[in-house]
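Read off the chains here:
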There are 2 protein chains.
Amino acid sequence: MKWARWLPCIGWGRDYNRNKATQDAMAALIVTLMLIPQSLAYAMLAGLPPVMGLYASILPLLAYAVFGSSRTLAVGPVAVVSLMTAAALAPLFPAGSEAYIGAAMLLALLSGLLLSGMAFLRLGFLANFLSHPVVSGFISASGILIAIGQLKHLLGVSASGQSLVQIVPRLWQSLAATHWPTLLIGLLSLAWLWWARARLKPALQHAGLSAQMAGNLAKAGPVLAIIVAIAAVTLLQLDKVGVQVVGVIPQGLPGLTLPTWDLDLMVQLLPAALLISLVGFVESVSVGQTLAAKRRQRIEPDNELLGLGTANLGAAFSGGFPVTGGFARSVVNYDAGAQTPMAGVFTAAGIALSVLLLTPLLHNLPHAVLAATIIVAVLSLVDFRSLGRTWRYSPQDGAAQLATLLGVLLIGVEAGILIGVGLSLLLFLWRTSQPHMAVVGQVPGTEHFRNVERFAVIESPSVLSLRVDESLYFPNARYLEDRIGDLIARRPQVRHLVLMCSGVNLIDASALDSLETIVERLHTAGVQLHLSEVKGPVMDRLRRSSFLDHFGGQVFISQYEAMNTLAPSVRQPHQPPAPRKTDENCPRPGN
Amino acid sequence: MKWARWLPCIGWGRDYNRNKATQDAMAALIVTLMLIPQSLAYAMLAGLPPVMGLYASILPLLAYAVFGSSRTLAVGPVAVVSLMTAAALAPLFPAGSEAYIGAAMLLALLSGLLLSGMAFLRLGFLANFLSHPVVSGFISASGILIAIGQLKHLLGVSASGQSLVQIVPRLWQSLAATHWPTLLIGLLSLAWLWWARARLKPALQHAGLSAQMAGNLAKAGPVLAIIVAIAAVTLLQLDKVGVQVVGVIPQGLPGLTLPTWDLDLMVQLLPAALLISLVGFVESVSVGQTLAAKRRQRIEPDNELLGLGTANLGAAFSGGFPVTGGFARSVVNYDAGAQTPMAGVFTAAGIALSVLLLTPLLHNLPHAVLAATIIVAVLSLVDFRSLGRTWRYSPQDGAAQLATLLGVLLIGVEAGILIGVGLSLLLFLWRTSQPHMAVVGQVPGTEHFRNVERFAVIESPSVLSLRVDESLYFPNARYLEDRIGDLIARRPQVRHLVLMCSGVNLIDASALDSLETIVERLHTAGVQLHLSEVKGPVMDRLRRSSFLDHFGGQVFISQYEAMNTLAPSVRQPHQPPAPRKTDENCPRPGN
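Residues numbered from 1 in each chain as written. Chains lettered and ligands numbered in written order. Predicted model: local features only at pLDDT ≥ 70, side-chain atom pairs only at ≥ 80, totals over all residues. Heavy atoms only, no water.

Peer 1: Which parts of the structure should I look at to understand the overall build of chain A?
Peer 2: A tally of regular secondary structure across chain A gives 24 helices and 8 strands. In terms of overall dimensions, chain A has a C-alpha envelope of 100 × 60 × 50 Å along the principal axes. Evaluated residue by residue, chain A yields a buried proportion of 61% over its 591 residues. The long-range fraction of contacts in chain A, counting pairs at least 24 apart against all pairs at least 6 apart in sequence, stands at 79%. Carbon together with sulfur atoms contributes 65% to the accessible area of chain A, which is approximately 22,700 Å² in total. On chain A, the mean spot of the 40 positive side-chain charges and the mean spot of the 32 negative ones are 10 Å from each other. (Helix = DSSP H or I, 4+ residues; strand = E, 2+ residues; numbered from the N terminus. Buried < 20%, exposed > 50% of the residue type's maximum accessible area, 1.4 Å probe, protein only. Contact = heavy atoms within 4.5 Å. Areas by Shrake-Rupley, 256 points an atom, 1.4 Å probe, with all protein chains shown as cover. Lys, Arg positive; Asp, Glu negative; His and termini not counted. Charge placed at Lys NZ, Arg CZ, Asp CG, Glu CD.)

Now the structure itself:
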């Protein structure tokens, strides 16, 4: 059935059994323990009430379980997307206000609609605009920006902003106002989390636990920090002395809510929603594919789009904010042995339970602890070595990565991405705008034609053979006109120009126009254009235009044939072909 | 000398002689007669006092003569650029006001700086963003928009706007207010110009003039219309009855003026200036190349950029507005026998003279006549058949052209271009995001490898050979991951994957990351990646990264060698290679 391809759950649901269920449930338990602090923290990072993080971790997980194609992806609030949410909304409304919350849900709605739309319209390729250097530059910058942005919670001061340019000075000014109890709590949890991250598992093993058990318990490190912190605040009544805490959380599941339907606001949020969708999709797909490959499973980009789209719609209608597949959580989910998206269903159940039961206990949870969990989580995203690597490999790509990094840090999240995308498109266009073209001549005694600058070949004075090593399309169409005009201007005695199209996979309308212009110009200069070795698909397309009828030249099946016809004098007796050079577009026939 | 390359005039100046001078002067005379009405008209079209058109036809011509590389390009005000100028300024200031005039000069300044900057920074390739379908869609739409926009002058009413959506209703409402004397003048000159355009030359020949002479005189058709109209207005005192006339024109040459240095306005005008520069450059270069080719001359894009840049700077400092190389005028200049840019110098002198002497006479020149000259000139730009042609050839390109056409007509000039450029980039990305990849096998008894779906070939169960027929870069990097993940998931028994890179001309940083991700994923699935037939340049680049050290596979010089090493069992005894199919990337060794 056609619609079945949109419901991967049918596939894995058919042979679902108790054994898989147990594994999924076990993984779900661990992911839940990890997700509770993270979802609270990322909601705070997005400038929203922490409980919204929990809301955003119920319905979205169910939606993805139904429509998503990855078996082990763990959907929910993630750092980068939360940062982008804050960046999109902070300029419009005061953080945490009613309007701000409504806009966050609207953002999730838009992102959900965009992703679902892309799924049905097969627009997943849009994510290609985000080249790897841009994405990695963006991720690193986000890590730094988030970490520094959270310092205010550690210091117990208020200093927020869109970029380092705004945040750093404000932090500096407010240093004097540091709230020492808060700072103490923050530093302690920071130290604990840092230690637990690397050392807790070995320590537990040393204490005699099995590696598996130790590993799973270690995941609960942040939860311990939270429990201790809550206990401390409650016993010492630290909230009375000004330690910022989560405060009252409405108990119970989120009601089904409708985002405020404000058209102007929607238009205003659209660009941000598009970027959030693309970035989230890219991050989610890359981790999903990595995990799927380990078990030789497949994920379908279109299903991923729909899965993430419905997840965001779920968030929008249950008081959440934009979500996507998280890297760390998904890996944990996978390691913990999750077999199917049912693990996500169990996780959602776990979060729902904790919303029902735990919310009163979270009242005294200090913001500083959440900030610490964020900082520890995001600093692992920062990777400067990749910048050096990219630069060494290709300065153009390095430039795009650096531009994105600096753009995000100094101007802002969206500006940074747009700068990076723009620059990589520019550089790409520049790179492809001057394809390699070689004047070729016949290798004596063979039927092969080679670059006259690299081989001792025979050239005909009246026939010019030009090989193009690139498809002909608008980025290089004008260069083709230039180049040919140049070549002909330098060779007054030339009467025929043979374009050797062995490397041409496409001729778009721009290139066709250029070819027609070239033909006209050549005619006025008394030169006739011919084509050789045109590929089947390209030929079919040319037949749809009138070019072949009126360009006046011939289309030769091979360059050799072209020379035979146009310059028989230069013809060489045929001998067995000489071995090829591998720098040509051809497999070597023999050694 | 290095700087000499920026002064083409040294080249043609060296062997300049009386003979050439006479030819240039003759051509200049004809172009001047053509330029006077056009420059007045296009200034009006730009929403400026007609005399500014004359100002914009003096200094700019001298500047281009010094720095431009085309021998016969005729620079000055042109319809499309004037339209773009009006589109950029009309929303900001009332047409014809001081501020509006100042902004027009500022626009010329910006455009001049941008073009000159692009010349020195070698950014001419930016013009490639304007694919042919976008340009031709834009030109046709401009023609329609301009013609309809001029109707108000024929009707003697006021009804202006940025797009048909605005103009048409206003025209309709003001039909009642039609000023009949004006309409009569307009229709008469329209009829005369229309007739003169096609029939005047034959008629003159019939009257016994030489073809050459007749052709030249015919060019002066518009001038006659102007003279007659002025006479009629003066004798019948039509200006008294409300026929709009040019009015008082300050006599004398334009003084050297400095555009108002308003930073905010500059930033506001920058996008428009960039579009005007690019469009002007594209139009100018295409006509320049066409004319140069006829005499096997060359034009250097960089010199054209500088020539047009300085021309616009000249316009900015002499009370003009954005200029570029005009199509019609350049052809006339060429046909009239212009030999060098000195013809432009003579033309400038001619215009200067007429500014000094004729301006009083132009007082009674009706706007309707100028409108008629514009309409006749621009309707030749409209070409709907090209849309059909493009669509038949490639629906994607057709869509881009249609989008630009509609965008310009219904929304506005800049929006239309941006929509077209955006769409053609999208479609380009979509097109290259899924390159052709073929699983290949060995043709029995040969060392050639062919698509398993098109040839009867030998495949190894444990070694998968994949040929990629496209460079690997960010538009298709993720597709590569998808595709390989897919292939491996379907072939559990595969242990080696050989990527045949005979068609890969570039591997950018995104593709390198993808390759590294692929290697990792393959490892987790127990498969090893290898490369074969990697081109020299690509190999050099790969050596700059650590990929080759740690990817664990081998780089084979040929696919055959790869199979020999990885699956010797499948090896075939070597026999002389069979003839190739031309749909492969290779010349045919023999028939």
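There is more to say after this.
Peer 1: Explanation requested: helix H9 (residues 180-206) of chain A in the structure shown.
Peer 2: Count 3.6 residues to each turn of an α-helix, and residues three or four apart come out pointing the same way. Residue and element names in this part refer to chain A. Along its length, H9 shows its largest kink, about 60°, at Arg199, and proline Pro202 lies within four residues downstream of that point. Taken together, the buried residues of H9 touch helix H7 (132-155), helix H10 (211-219), helix H11 (221-236) and helix H16 (367-379). Where H9 ends, the next residue or the one after it, Gly208, has phi of about 105°, a positive value. (Bend = angle between axes of the 7 residues up to and from the residue.)

Peer 1: What am I meant to see in the domain arrangement of chain A here?
Peer 2: Quoted interface sizes are often the accessible area lost when the parts come together. When cut into domains, chain A gives domain 1 (20-422) and domain 2 (437-584). Measuring from the centre of the C-alpha atoms in domain 1 of chain A to the corresponding centre in domain 2 of chain A gives 56 Å. (Domains from an automatic or database assignment.)

Peer 1: Help me understand helix H20 (residues 474-490) of chain B, please; the structure alone is not making it clear to me.
Peer 2: Residues and elements named next belong to chain B. Over its 17 residues, H20 extends 25 Å from the first C-alpha to the last, a length consistent with the 24 Å expected when each residue adds 1.5 Å. Across the 17 residues of H20, 12 count as buried, placing the element largely inside the fold. For H20, every residue scored as buried is listed here: Phe474, Pro475, Asn476, Ala477, Arg478, Leu480, Glu481, Asp482, Ile484, Asp486, Leu487 and Ile488. (Expected span 1.5 Å × (residues − 1).)

Peer 1: I would appreciate a short explanation of the side chain of Ser471 of chain A in the present structure.
Peer 2: Residues and elements named next belong to chain A. Positionally, Ser471 belongs in the loop between strand S5 (463-468) and helix H20 (474-490). From its side chain, Ser471 meets the backbone nitrogen of Leu506 in a polar contact 3.3 Å long. For Ser471, the contacting residues outside a window of four places in its chain are Asn476, Gly503, Val504, Asn505 and Leu506. (Polar contact = N/O pair within 3.5 Å; in protein donor to acceptor, adjacent residues only side chain to side chain.)

Peer 1: Which parts of the structure should I look at to understand the packing of helix H9 (residues 180-206) of chain B against helix H16 (residues 367-379) of chain B?
Peer 2: The relative placement of two packed helices is expressed as an angle between their axes plus a distance between the axes. Residues and elements named next belong to chain B. Following both chains from N to C, one finds H9 and H16 inclined at 40°, their axes separated by 8 Å at the closest point. By the angle between their directions, the pair H9 and H16 is classed as oblique. The two elements H9 and H16 cross, and the hand of that crossing is right-handed. Residue-level contacts link Thr182, Ile185, Gly186, Ser189, Leu190, Leu193, Trp194 and Arg197 of H9 to Ala368, Val369, Ala372, Thr373, Ile375, Val376 and Leu379 of H16. (Axes fitted to C-alpha atoms, helices over the stretch in contact; angles between N-to-C directions. Parallel < 35°, antiparallel > 145°, perpendicular 65-115°, else oblique. Left-handed = near helix turned anticlockwise from the far one by under 90°.)

Peer 1: For this particular structure, what's the right way to read the pairing of strand S3 (residues 437-442) of chain B?
Peer 2: Look at any regular strand and the pattern is simple: side chains alternate between the two faces of the sheet. Residue and element names in this part refer to chain B. Among the 6 residues in S3, 6 count as buried, and that is most of the element. Residues Met437, Val439 and Gly441 point to one face of S3 and Ala438, Val440 and Gln442 to the other, with burial holding for every one of them. As judged from the 4 bridges shared by S3 and strand S5 (residues 463-468), these two strands associate in the antiparallel manner. When the bridges of S5 are listed, Val439 appears paired with Leu466. The pairing of S3 with strand S4 (residues 449-451) spans 3 bridges and is antiparallel. Its bridge partner lying in S4, Gly441 is registered against Arg450. In this antiparallel pair of consecutive strands, S3 and S4, the connection spans 6 residues, and Gly445 shows a positive phi of 75°. (Pairing = 2+ DSSP bridges.)

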